[in-house]
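Coordinate analysis (summary)
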Amino acid sequence: MQSVGVLALQGGVAEHTAILRNLSFNVIEIRTPDALDSISALVLPGGESTTLLFLMKRWGLTKPIQRMGKNGFPIFGTCAGAVLLSSSISEMEHEVKQESLRLADVKAIRNYFGRQTRSFIENLSIKGLTDTFKGVFIRAPLLQPLSEGVDVLSSVDDGPVLVRQDNLWLSSFHPELTSDDRLHRLFLERSGLLGMEE
Amino acid sequence: MNKTRTEGTWEAKAGLARMLKGGVIMDVVTPEQAELAQNAGAVAVMALERVPADIRAQGGVARMSDPDMIKGIQQIVDIPVMAKCRIGHFVEAQILEAMDIDYIDESEVLTPADERNHVYKFDFKVPFVCGATNLGEALRRIGEGAAMIRTKGEAGTGNVVEAVRHARSVLGSIRKLKVTPPEELMTIAKEMGAPYDLVKYVHENGCLPVVNFAAGGVATPADAALMMQLGMDGVFVGSGIFKSGDPEKRARAIVEAVSRFNDPEILAEVSKNLGEAMVGINISTLPDEERMADRGW
């Protein structure tokens, strides 16, 4: 059985874990660098990006994950997880001096849609999926590609919300908050960890 | 605007709380404290004029904070900003919603505005967190639309004993309900004074339908880890940080402790040299009328 890691420092860890276990993967919660050795893909969950960055640094995870991402290791970041993967971060209301893993050529604009009262649900068309996907957007970022290598897989009227750059997948919404596992499957299929659907 | 877009749904409201799991929410009274909290890794801040320890000390009626003061905090941090309204004070809640607050705490720390009724929270796009001392109370609040639950504990005391009592009560009842035969559920709903469909949900799923945080009396990294090991999803720290000797160090230590709550060696390391903890209060010496946990039902 292949193992998928879920960064388990803060945020929607249990939700991703449940979906991955249903897909018959062994899930390893990542809190320390040595736990990274036994996994074939990594999920960075939603949560607070400033908290996640603080804790990744504190427990020595930033550099190893950065190295893996650069070497083609499959990583899927949702919401805050996508912010962590982006090379540039800005905020709607003011400047931010936030660090990140700087792996994908993407500018994440945090809280693009506004504060919590503006959080929303919208049905999305996703490249690679036949039917629409329920996007749960919570204080969500917008994900602007900064290079040709970034493939936009889904957009709302305002701009891109699901992008892929080779081994890196970034979504500004939360597939883990639905019971729909198709996006997780798509990521794992394209990363060669799951047989392609007929 | 896209026709399929809907705002303020239950998924979005309860979903934000899910993203706060494993995190620490800190009470702050100034923009400077808010910034310190964010830098220390807080997942959200609770903006208020006085921390519970000061509300306790100063007495009088405690109300919603000045919107201008809350706005100052919203402008300085990127993490979610929460604020408190009085129990049953739906106009304070309307004001907080109009200010684009991210989460409202309908809180017993403020003086209740209604002794019988809580706010009907389904009317709002902004999500609510409410305190509970037992499972019946938690399910009543969820029945009114709360998208997140926390223990009441005894705020402003620096004493974790009440939070532990409430956590054990809620979690113990959930464990019991899981193995209860279905024919007993209606009687339990009646005795608990809780909506039947929510009692049934807990029986079938073995958990609350919303996230459940610890609050009220958490003062040290060990307190926070204790609440996490008991099974809570995250921690509110009120007076515990900014009433201590070295707020910055303590704030970071509590965040670190919550992220590694099952690792005693790490807990030992982060608990070192934090300066003085807030001076606590023995709950048994508190007169009944000063017990905040008894407010609301």
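What counts and how
- Residues numbered from 1 in each chain as written.
- Chains lettered and ligands numbered in written order.
- Predicted model: local features only at pLDDT ≥ 70, side-chain atom pairs only at ≥ 80, totals over all residues.
- Heavy atoms only, no water.
- Helix = DSSP H or I, 4+ residues; strand = E, 2+ residues; numbered from the N terminus.
- Rg over C-alpha atoms; globule rule 2.2 N^0.38 Å.
- Buried < 20%, exposed > 50% of the residue type's maximum accessible area, 1.4 Å probe, protein only.
- Contact = heavy atoms within 4.5 Å.
- Areas by Shrake-Rupley, 256 points an atom, 1.4 Å probe, with all protein chains shown as cover.
- Lys, Arg positive; Asp, Glu negative; His and termini not counted.
- Charge placed at Lys NZ, Arg CZ, Asp CG, Glu CD.
- pLDDT = per-residue confidence, 0-100.
- Pairing = 2+ DSSP bridges.
- Axes fitted to C-alpha atoms, helices over the stretch in contact; angles between N-to-C directions.
- Left-handed = near helix turned anticlockwise from the far one by under 90°.
- Nonpolar A, V, L, I, M, F, W, Y, C, P; charged D, E, K, R; others polar.
- Phe/Tyr/Trp six-rings, centres within 6.5 Å; stacked < 30°, edge-to-face > 60°.
- Lys NZ or Arg CZ within 6 Å of the ring centre and 35° of its normal.
- Buried area = accessible area lost by both parts, 1.4 Å probe.
- Salt bridge = Lys/Arg side-chain N within 4 Å of Asp/Glu carboxyl O.
- Polar contact = N/O pair within 3.5 Å; in protein donor to acceptor, adjacent residues only side chain to side chain.

1. Regarding the overall build of chain B
On a plain count of helices and strands, chain B comes out with 13 helices and 9 strands. For 297 residues, the compact-globule formula gives about 19 Å, and the C-alpha radius of gyration of chain B, at 18 Å, lands near that figure. Each principal axis of the C-alpha atoms in chain B carries an extent, and together these give about 55 × 45 × 45 Å. For chain B, the proportion of its 297 residues judged to be buried stands at 59%. Restricting to contacts in chain B with at least 6 residues of sequence separation, those with at least 24 account for 66%. Split by element, the accessible area of chain B, about 11,800 Å² in all, is 49% carbon and sulfur. Seen as two clouds, the 33 positive and the 42 negative side-chain charges of chain B have centres 3 Å apart.

2. Description of the side chain of Ser 3 of chain A
Looking at the element boundaries, Ser 3 of chain A is found in strand E1 (residues 3-7). Beyond its immediate chain neighbours, meaning those up to four positions away, Ser 3 of chain A contacts Asn 26, Ile 28, Ser 38, Ile 39, Ser 40 and Ala 41 of chain A.

3. So, the confidence of the model for chain B
Here chain B averages 95 in pLDDT, while 99% of its residues score no lower than 70. Interface confidence for the predicted complex, given as ipTM, is 0.95, next to a pTM of 0.96.

4. Some remarks on the sheet that holds strand E5 (residues 86-91) of chain A
Residues and elements named next belong to chain A. Strands sit in the order E5-E6-E9 across an open sheet of 3 strands; the sheet is mixed. Each of the sheet's edge strands pairs with one partner strand only, and the pair in question is E5 and strand E9 (142-145). Each strand axis lies, on average, 25 degrees off the axis of its neighbour in the sheet, ignoring direction. One ladder, built from 4 bridges, connects strand E6 (residues 104-110) with E9; its direction is antiparallel. Paired with Ala 108 across the bridge in E9 is Leu 143.

5. Description of the packing of helix H6 (residues 135-143) of chain B against helix H9 (residues 196-205) of chain B
All names here are of chain B. At a minimum axis separation of 9 Å, H6 and H9 run at an interaxial angle of 120 degrees. Between H6 and H9 lies a crossing of right-handed hand. Contact residues: Leu 139, Ile 142 and Gly 143 in H6; Leu 198, Val 199 and Val 202 in H9. Here the contact of H6 with H9 is composed, by residue class, of 5 nonpolar, 1 polar and no charged.

6. As for the packing of aromatic side chains
Counted according to the given criterion, the structure contains 12 aromatic pairs over all chains. Measuring from ring centre to ring centre gives 5.2 Å for Phe 76 of chain A and Phe 187 of chain A, while their planes differ by 40 degrees; the resulting arrangement is tilted. Placement of the pair is Phe 76 of chain A in strand E4 (residues 75-78) and Phe 187 of chain A in helix H5 (residues 182-190), with a sequence separation of 111 residues. A connected cluster of aromatic rings, assembled from ring pairs, spans Tyr 112, Phe 113, Phe 120, Phe 133, Phe 137 and Phe 173 of chain A. Taking NZ or CZ as reference, Arg 5 of chain B lies 3.9 Å from the ring centre of Phe 120 of chain A, over its face. Its end group placed over the ring of Trp 297 of chain B, Arg 141 of chain B keeps NZ or CZ at 5.3 Å from the ring centre.

7. A word on the sheet that holds strand E9 (residues 235-237) of chain B
Sheet strands associate in pairs through backbone hydrogen bonding, adopting either a parallel or an antiparallel arrangement. All names here are of chain B. Strand order in the open sheet formed by 8 strands is E8-E7-E6-E5-E4-E3-E2-E9, and the pairing between neighbours is parallel. The outermost strands of the open sheet, each flanked by one partner alone, are strand E8 (211-213) and E9. Direction aside, neighbouring strands of the sheet carry axes that sit 30 degrees apart on average. As defined by bridge partners, strand E3 (residues 44-47) adjoins strand E4 (residues 81-86) across 3 bridges and the pair is classed as parallel. Among the inter-strand pairings, Ala 47 is bridged to a residue of E4, identified as Ala 83. Each of strand E2 (24-28), E3 and E4 is contacted by helix H4 (residues 67-76), which is oriented at about 165 degrees to E3, the strand it contacts most. Contacts from helix H7 (residues 161-178) reach strand E6 (128-132), strand E7 (148-151) and E8 within the one sheet, and its direction differs from that of E7 by about 130 degrees.

8. Some details on unusual backbone geometry
Residues and elements named next belong to chain A. In this model, Asn 111 sits at a positive phi of 50 degrees, which is unusual for a non-glycine residue. On the secondary structure map, Asn 111 appears in the loop between E6 and strand E7 (120-124). Phi angles above zero are rare outside glycine, and Asp 166 is one such case at about 50 degrees. Mapped onto the elements of the fold, Asp 166 is located in the loop between strand E11 (159-165) and strand E12 (168-171).

9. Quick word on the interface of chain B and chain A
One frequently used descriptor of interface size is the decrease in accessible area upon assembly of the parts. Taken together, the 47 residues of chain B in the interface contact 42 residues of chain A. For the pair chain B and chain A, the summed buried area comes to about 3,600 Å², and 50% of that belongs to carbon and sulfur atoms. Taken as a group, Arg 5, Met 19 and Asp 78 of chain B account for 21% of the area that chain B buries against chain A, more than any other trio of residues on that side. Linking chain B with chain A are 11 salt bridges, by the criterion used here. The closest approach of N and O atoms between Lys 134 of chain A and Glu 11 of chain B, which form a salt bridge, is 2.3 Å. Summed over the shared surface of chain B and chain A, the number is 25 residue pairs in polar contact (both at pLDDT 80 or more). Listing elements by their share of the side of chain B that touches chain A, those giving two or more residues are strand E1 (6-7), helix H1 (10-20), helix H2 (31-39), H4, helix H12 (247-259) and helix H13 (264-270) of chain B. Of the residues forming the side of chain B that touches chain A, the biggest block, 8 residues, is contributed by H1 of chain B. Residue classes in the side of chain B that touches chain A are distributed as 18 nonpolar, 14 polar and 15 charged.

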